[in-house]
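# Summary of structural features
The primary structure of each chain is shown beneath.
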Amino acid sequence: EAGVAQSPRYKIIEKRQSVAFWCNPISGHATLYWYQQILGQGPKLLIQFQNNGVVDDSQLPKDRFSAERLKGVDSTLKIQPAKLEDSAVYLCASSFGVRPNQPQHFGDGTRLSIL
Amino acid sequence: AQTVTQSQPEMSVQEAETVTLSCTYDTSESDYYLFWYKQPPSRQMILVIRQEAYKQQNATENRFSVNFQKAAKSFSLKISDSQLGDAAMYFCAYKKDGSARQLTFGSGTQLTVLP
């Protein structure tokens, strides 16, 4: 089966600019996650979707970050305006469901550098 | 809130030898799941092994096994017959049973395998 697809793989922008990331989950996976992974740290969840509804966005900086999941399939994560501390790898993951025996499958991530 | 601690930022092992990575966690729940994920330089997170807290038997997957000590809230990963391909960042993660919420990750341990 095809894995979780993310694009772009790398992005470099200046602070205060805008950026968007795209994720295509594994076909049939209802749950989609966006994580932020700062260098030297473990991934931190930004937002979790169940189909096209938000389950958890408690750690999403809503003043600058937004995310949507169109028709319960693809998802985009946007940062506007970007700050230096947003430099990180942004990982997308999907799972069939939320049970622990339904593991999350991760994409290769997008490495964002803010100048 | 649950926390996951990995106290070893870096570890190294000689090829074909055995290495143990440590993880401790803090939770007031009795039903939960613990995971070890591997993240190679490609950045894709790969599930290595999963342990259900209600099971006393330690999980094993080929050369990977865990030592789960529920009372001590300890969950270590043992890699036997280490191979060069095992070199990666390893993350310990926690998930509450019955919760739709996502994983809580530790800060990771960078494993180097020496030829």
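A few points on the structure. Remember, predicted model here, so these are calculated numbers, not experimental data.

### Here's the deal with the state of the cysteines
For the structure shown, the criterion picks out two disulfides over all chains. Linked covalently through their sulfurs, A:Cys23 and A:Cys92 form a disulfide whose S-S length is 1.9 Å. Where A:Cys23 bonds to A:Cys92 through sulfur, the torsion about that S-S bond is close to -70 degrees, and the disulfide is left-handed. Linking A:Cys23 in strand β3 (residues 19-24) with A:Cys92 in strand β9 (residues 88-95), this pair joins segments that are 69 residues apart in sequence. Covalently, B:Cys23 is tied to B:Cys92 through a disulfide, its sulfur atoms 2.0 Å apart.

### Here we look at the sheet that holds β3(A)
Residue and element names in this part refer to chain A. On the basis of which strands lie adjacent, the open sheet formed by four strands has the order β1-β3-β8-β7 and antiparallel pairing. Bordering the open sheet on either side are β1 (5-7) and β7 (65-69), each of which pairs with just one other strand. Each strand axis lies, on average, 15 degrees off the axis of its neighbour in the sheet, ignoring direction. One ladder, built from three bridges, connects β1 with β3; its direction is antiparallel. Of the residues in β3, the one forming a bridge with Ser7 is Trp22.

### Section: the packing of aromatic side chains
Geometrically, a pair of aromatic rings is defined through the distance of the ring centres and the angle of the planes. The final tally for this structure, using the stated rule, is 15 aromatic pairs over all chains. Ring centres 6.3 Å apart and planes at 90 degrees place the aromatic pair B:Phe91 and B:Phe105 in the edge-to-face group. Placement of the pair is B:Phe91 in strand β10 (residues 88-96) and B:Phe105 in strand β11 (residues 104-105), with a sequence separation of 14 residues. The class for B:Phe105 is buried, based on a relative accessible area of 9%. Site record: aromatic cluster; members linked through ring pairs are A:Tyr33, A:Tyr35, A:Phe106, B:Phe35, B:Tyr37, B:Phe91 and B:Phe105.

### Considerations on the pattern of salt bridges
Residues and elements named next belong to chain A. Applying the stated rule across the entire model yields eight salt bridges over all chains. The partner of Arg64 in a salt bridge is Asp86, and the shortest N-O contact between them spans 2.5 Å. Linking Arg64 in the loop between β6 (53-56) and β7 with Asp86 in the loop between β8 (75-79) and β9, this pair joins segments that are 22 residues apart in sequence.

### Looking at the interface of chain A and chain B
The parts lose accessible area when they come together, and the size of an interface is often stated as this lost area. Each partner contributes residues to the interface: chain A has 27 residues there, and chain B has 21 residues. Between chain A and chain B the total buried area reaches about 1,900 Å² when both faces are included, carbon and sulfur atoms providing 53% of it. Inspection of the region where chain A meets chain B yields zero salt bridges. Where chain A packs against chain B, one counts six residue pairs in polar contact (both at pLDDT 80 or more). Elements represented by at least two residues in the side of chain A that touches chain B include exactly β4 (31-37), β5 (44-50), β6, β9 and β11 (110-114) of chain A. The biggest single contributor to the side of chain A that touches chain B is β4(A), with three residues. Per-class residue counts for the side of chain A that touches chain B are 12 nonpolar, 10 polar and five charged.

### What about the nonpolar core?
Within soluble globular proteins, side chains that are nonpolar tend to cluster in buried spots. The biggest cluster of nonpolar side chains holds 25 residues, and the ones touching the most others in it are B:Tyr25, B:Trp36, B:Phe75, B:Leu77 and B:Tyr90. Sorting the residues of this core by element identifies β3 (19-21), β5 (32-39), β6 (46-52), β8 (64-69), β9 (74-79), β10 and β12 (109-114) of chain B as the ones contributing at least two each. In terms of residues, this core owes the most to one element, β10(B), which gives four residues. Of all hydrophobic cores here, the second largest spans 21 residues; its members include A:Ile13, A:Cys23, A:Trp34 and A:Tyr90.

Here is what the cut-offs are and how they apply
Residues numbered from 1 in each chain as written. Chains lettered and ligands numbered in written order. Predicted model: local features only at pLDDT ≥ 70, side-chain atom pairs only at ≥ 80, totals over all residues. Heavy atoms only, no water. Disulfide = S-S within 2.5 Å. Helix = DSSP H or I, 4+ residues; strand = E, 2+ residues; numbered from the N terminus. Pairing = 2+ DSSP bridges. Axes fitted to C-alpha atoms, helices over the stretch in contact; angles between N-to-C directions. Phe/Tyr/Trp six-rings, centres within 6.5 Å; stacked < 30°, edge-to-face > 60°. Buried < 20%, exposed > 50% of the residue type's maximum accessible area, 1.4 Å probe, protein only. Salt bridge = Lys/Arg side-chain N within 4 Å of Asp/Glu carboxyl O. Contact = heavy atoms within 4.5 Å. Buried area = accessible area lost by both parts, 1.4 Å probe. Polar contact = N/O pair within 3.5 Å; in protein donor to acceptor, adjacent residues only side chain to side chain. Nonpolar A, V, L, I, M, F, W, Y, C, P; charged D, E, K, R; others polar. Core = buried A, V, L, I, M, F, W, Y, C linked by side-chain atoms within 4.5 Å.

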